[in-house]
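Each chain, written out:
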Amino acid sequence: MPAELMVRAGEKEYPVLVGKGTYEEAVPGIMRRLKPACVSVVSHPALQEMHGGALEKAIIEGLPSSGRIIWFTFPEGEENKTLVTVMAGYRFLLEKGFTREDLVLAFGGGVVGDLAGFLAATYMRGVRYLQLPTTLMSMVDSSIGGKTGVDLPEGKNIVGCFHHPEAVIADVSVLATLPGREVLNGLAEVAKYGFLYDPEILREMEGWPEGRPGGEYDFAPLVRRCAAHKARVVGEDERDLRGIRALLNYGHTFGHALEAALGYRMLRHGEAVALGMIMASRLAEWSGLARTPLVERHLRVLLPLLREVPRPLNISSREILRFMEADKKKGQALRFVLLKDWQSPVLVESLASDLVEEAVQESLRDLSEGE
Ligand code: GLY
């Protein structure tokens, strides 16, 4: 039986199951408990082709004989995380006679999880759903905590709501089929938990030859450890209003500006966050906030995760600053999560923009000189 941890968010409580073979072990029992007549799996075509058979087998085992599985798939890519895709989803569910007693199953990475969660939150005023994350990034972060939503041309996750799943089921065996760069992308979020909360995670990452785990590596303990941090933080600040959940945005103020400035090409989200954490470590040191040197260790842990980023990035620190300023104009305070020390994060506002720009510039230089 896979290890189990619970997310407690307000009235809602749900398990996060992490292990190898969790679909076969956990999905039939959850189906028997929730008793949907119809399960709509929201996913991408390639995932359906690769893992759909095994997943359907596990779902069918727990469904009554009259139960149905319907697949709603859409092409990969953040550019499809839109209301247009959600609208197609509503129409698909209606056409198939999907009711409020039925169940949505988000089977994919962060884009699928956010979109399927939003579809489930809003179809007929809300139906139940499960998160089955298939990327390292979504296993350790986005599948837990009930943030759902879609993007507008004006920005990411502008439309959305909180809607928690009935369970999160992470089967780490699917990570074996993940492209190498996608694993590195997820490891940036893993490192984030290390810097924010967990020295063990950093020690483990520093012990990996060439900064990444070997081919036979069992991700289950690491994913479980990160998921436990996420579950705890969500329990303490479900709605992201108390400045606790906001700390999970370590590296994200820089990271979002980098992604936007590059038109969401060249850098994956985790890579942008990794570079953003390097920038944040510089800012913490240079602003005098950090009580200990931070930059060198950030570079040691994070630069290996950026090895597949195309160089040069062809972007200037000025442009990145412009994107940060644009966020500020939209009413979003320019807040940085910075470390006072290892595992000692704080939220900081109003820093001198020339210091911020220098931190960006120096870190872009690290990237172009790095491996
Ligand atoms: N990914 C950050 C959060 O869930 O709050």
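Everything discussed here concerns the structure shown above.
The model shown is predicted, which means the values in this text are computed figures rather than measured ones.

## Observations regarding the pattern of salt bridges
- All told, the structure shown has 23 salt bridges when counted by the stated rule.
- Between Asp141 and Lys230 there is a salt bridge, with its nearest N and O atoms 2.6 Å apart. With a gap of 89 residues between them, Asp141 in helix α5 (residues 136–142) and Lys230 in helix α8 (residues 220–236) connect regions that are remote in the sequence. Exposure class is identical for Asp141 and Lys230. Each is buried.
- Measuring nitrogen to oxygen at the nearest pair gives 2.6 Å for the salt bridge that ties Glu182 to Arg268.

## A short note on the nonpolar core
- Of all hydrophobic cores here, the largest spans 107 residues; its most connected members are Leu105, Leu130, Ile169, Leu187 and Phe195.
- The dominant element in this core, judged by the number of residues it contributes, is helix α10 (residues 269–286), at 10 residues.
- If you look at the next biggest cluster of nonpolar residues, it comprises 22 residues, including Cys38, Val86, Leu115 and Val150.

## Examining helix α7 (residues 199–207)
- Residues of α7 that are buried include every one of Ile201, Leu202 and Met205, and no others. Buried positions in α7, seen along its axis, are confined to an arc of 95° and lie on one side of it.
- Packed against the buried residues of α7 are α6 (180–196), α8 and α11 (295–302).
- One side-chain oxygen at the N-terminal end of α7 lies 3.1 Å from the backbone nitrogen of Glu200; it belongs to Asp198.

## What to know about the side chain of Lys192
- Topologically, Lys192 is positioned in helix α6.
- In terms of polar contacts, Lys192 uses its side chain to reach the backbone carbonyl oxygen of Leu248, at 2.9 Å.

## A look at the site of the ligand
- Around the ligand, the surrounding shell consists of Asp141, Lys147, Lys230 and Arg245.
- At a separation of 3.0 Å, a nitrogen atom of the ligand approaches a polar side-chain atom of Asp141.
- A distance of 2.9 Å separates an oxygen atom of the ligand from a polar side-chain atom of Lys147.
- Protein coverage of the free-state accessible area of the ligand, which is 200 Å², stands at 86%.
- Within the shell around the ligand, the residues separate by chemical class into no nonpolar, no polar and 4 charged.

## With respect to the packing of α10 against α11
- Viewed as axis vectors pointing N to C, α10 and α11 meet at an angle of 170°, and their least axial separation amounts to 9 Å. Classed by the angle they form, the pair α10 and α11 counts as roughly antiparallel. From α10, Ala274, Met277, Ile278, Ser281, Arg282 and Glu285 reach across to α11, where they touch Val295, His298, Leu299 and Leu302.

## Topic: unusual backbone geometry
- Across the junction of Arg311 and Pro312, the peptide omega takes the value -10°, indicating a cis bond.
- The backbone of Met124 sits at a positive phi, close to 50°, despite the residue not being glycine.
- Inspection of the secondary structure puts Met124 in the loop between α4 (110–122) and β6 (128–133).
- Here Met124 falls in the partly exposed class, since its relative accessible area comes to 37%.
- Positive phi outside glycine occurs at Met266, with the angle close to 70°.
- One can find Met266 in the loop between α9 (252–261) and α10.
- Residue Met266 is classed as partly exposed on the basis of its relative accessible area of 35%.

What counts and what doesn't
- Residues numbered from 1 in each chain as written.
- Predicted model: local features only at pLDDT ≥ 70, side-chain atom pairs only at ≥ 80, totals over all residues.
- Heavy atoms only, no water.
- Salt bridge = Lys/Arg side-chain N within 4 Å of Asp/Glu carboxyl O.
- Helix = DSSP H or I, 4+ residues; strand = E, 2+ residues; numbered from the N terminus.
- Buried < 20%, exposed > 50% of the residue type's maximum accessible area, 1.4 Å probe, protein only.
- Core = buried A, V, L, I, M, F, W, Y, C linked by side-chain atoms within 4.5 Å.
- Arc of directions from axis to C-beta.
- Contact = heavy atoms within 4.5 Å.
- Polar contact = N/O pair within 3.5 Å; in protein donor to acceptor, adjacent residues only side chain to side chain.
- Near = heavy atom within 4 Å.
- Areas by Shrake-Rupley, 256 points an atom, 1.4 Å probe, with all protein chains shown as cover.
- Nonpolar A, V, L, I, M, F, W, Y, C, P; charged D, E, K, R; others polar.
- Axes fitted to C-alpha atoms, helices over the stretch in contact; angles between N-to-C directions.
- Parallel < 35°, antiparallel > 145°, perpendicular 65-115°, else oblique.

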